[in-house]
Amino acid sequence: MWSYCRTTYMPMSYLYGRKYHGPITDLVLSLRNEIHVKSYDQIDWNKARHHCCKEDVYYPHTFVQDLLWDTLNYCTEPVMKRWPLNKIRQRALDKTIKYMRYGAEESRYITIGCVEKSLQMMCWWAHDQNCDEFKYHLARVPDYLWLAEDGMKMQSFGSQIWDSTLATQAVISTGMVEEYGDCLQKAHFYIKESQIKENPKGDFRGMYRHFTKGAWTFSDQDQGWVVSDCTAEALKCLLLLSQMPTEISGEKPPVERLYDAVNVLLYLQSSLSGGFAIWEPAIPQPYLEVLNPSELFADIVVEQEHVECTASIVQALISFNRMHPGHREKEIENSVARGVSFLEERQWPDGSWYGYWGICFLYGTFFTVGGLAAAGKTYENCEAVRKAVNFFLSSQNDEGGWGESLESCPSMKYTPLEGNRTNLVQTSWAMLGLMYGGQAERDPTPMHKAAKLLINEQMSDGDFPQQEITGVYMKNCMLHYAQYRNIFPLWALGEYRKRVWPSQSL
């Protein structure tokens, strides 16, 4: 089961099994009146069990699932409340506490995300209001607070590692490494120190966890959950920075640390498809999705492979193999070949790739073309690259930019922004994808128009304006990455400066 699914529904099941509820205060009564369209006491909860607002239904329950839930509710639940079967439920509750405690300790009480975090806090309060676990959870609540331009927010969880690795590569792309050496040295230190140095304690496999030594998380080292593309992007940064003088980038990490990262990446590859999942090895059991209990989100039951993760890892493994041949060299070559085949097989008829973690086809295609280019695929020798380039060129708007609506994600169909508006982050993705596809050597005109847009939109303090949201997961849960608006325009202009200007000066 997908890590997010099991860590979310486990505390839910505990609260249900305990039948725990808090005191009915004036606040609770006020919230009931605000939320429900009829009096709380008049709601038939058995009938309401399968009701969901039609605007919110994205993944409707199957008949099999409704039958299962109703059977459990009407037939099993009355029996489970009574002796001796209530003893089985108590054992299950005790086991749930054991797994939640292990997960909380291994994430230093950050947990895998904000939903599990809040549910775990309720569970520990229900378990024992004075327990240490609840106090430890309180101490890590600030990890979820984010002060935005318009006030304090609660975030899903931090993206420090992810943002840092992308920003580092963006700065390197400018070629001004000597001018910004202090910035790169600090970034290098942070990325090195954020690598996970040890596996989870004890019998982690018995606790349904995988080895983590050598990986990077999405947020920081404390959180402890492996993220495949964060590990790949961090490894790429360390390899790039290791080629610079130490007085600019700082001390290099021991090569064994790089080996550990590669070991994690190779472990995460699917033995069937050749693609890479995000947190754990993919589970080839898509039929389990019929048990998806969430009507709002898709693909939440089993871990699946994604093109952007696969493309990042392909790039990282190729760079590592070129600089450090000898460590699992043949395995890396086989892994890359299978990863490239996976990417080519996942291309859509219009030449794009569906991006699961960003909006959407522009995001997926940008990453995938970068992975194919790293593997030696070019416009001349690879039909997939040619089709991808044509997709980018055909979707460029009249003013020279690109903009894709979040509606692309749930509909799985490329949808431009209303009015064919430009989004600077997505324009940067398309520029980078075109340059990886060799468009600068054939006809740089599309990049000239896009670069002019980016330059003209930059504000006087160097910042770029915040526009439409560009992150997503589970097809219709949108994510706001505040740093994208600066990282990707800088990265695109840096690559544009290197790739397009030299060709114009020949």
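Residues numbered from 1 in each chain as written. Predicted model: local features only at pLDDT ≥ 70, side-chain atom pairs only at ≥ 80, totals over all residues. Heavy atoms only, no water.

Caption draft 1: Main features of the nonpolar core. Counting residues in each nonpolar core, the largest one holds 110 residues, and the members touching the most others are W162, M431, Y484 and F488. Other than its neighbours up to four places away in sequence, F488 contacts L166, F366, V425, S428, W429 and L432. If you look at the next biggest cluster of nonpolar residues, it comprises 12 residues, including Y14, M121, W124 and C131. (Core = buried A, V, L, I, M, F, W, Y, C linked by side-chain atoms within 4.5 Å. Buried < 20%, exposed > 50% of the residue type's maximum accessible area, 1.4 Å probe, protein only. Contact = heavy atoms within 4.5 Å.)

Caption draft 2: Here's a closer look at the packing of aromatic side chains. As enumerated under the stated definition, the model contains 30 aromatic pairs in all. When the ring of F218 is compared with that of Y481, the centres are 6.3 Å apart and the planes differ by 80 degrees; the resulting orientation is edge-to-face. With F218 in the loop between α9 (181-193) and α10 (228-242) and Y481 in the loop between β4 (477-479) and α21 (484-505), this residue pair connects regions lying 263 residues apart in the sequence. You can call F218 buried: its relative accessible area is 14%. Their ring planes at 85 degrees and their centres at 5.0 Å tell us that Y484 and F488 sit as a pair that is edge-to-face. Linking Y484 with F488, this pair stays in helix α21, spanning 4 residues, or about one helical turn. The exposure class of Y484 is buried, given its relative accessible area of 1%. Residue F488 is classed as buried on the basis of its relative accessible area of 0%. Three or more aromatic residues joined by ring pairs make a cluster, and in this case those are F157, F218, Y363, F366, F367, W429, Y436, Y481, Y484, F488 and W491. (Phe/Tyr/Trp six-rings, centres within 6.5 Å; stacked < 30°, edge-to-face > 60°. Helix = DSSP H or I, 4+ residues; strand = E, 2+ residues; numbered from the N terminus.)

Caption draft 3: Representation of the environment of H324 within the structure. Inspection of the secondary structure puts H324 in the loop between α13 (307-323) and α14 (329-345). Spatially, the C-alpha atom of H324 lies 9.7 Å from that of L239, the residues being 85 residues apart in sequence. In this structure H324 touches L239, V255 and L258, once residues within four positions along its chain are discounted.

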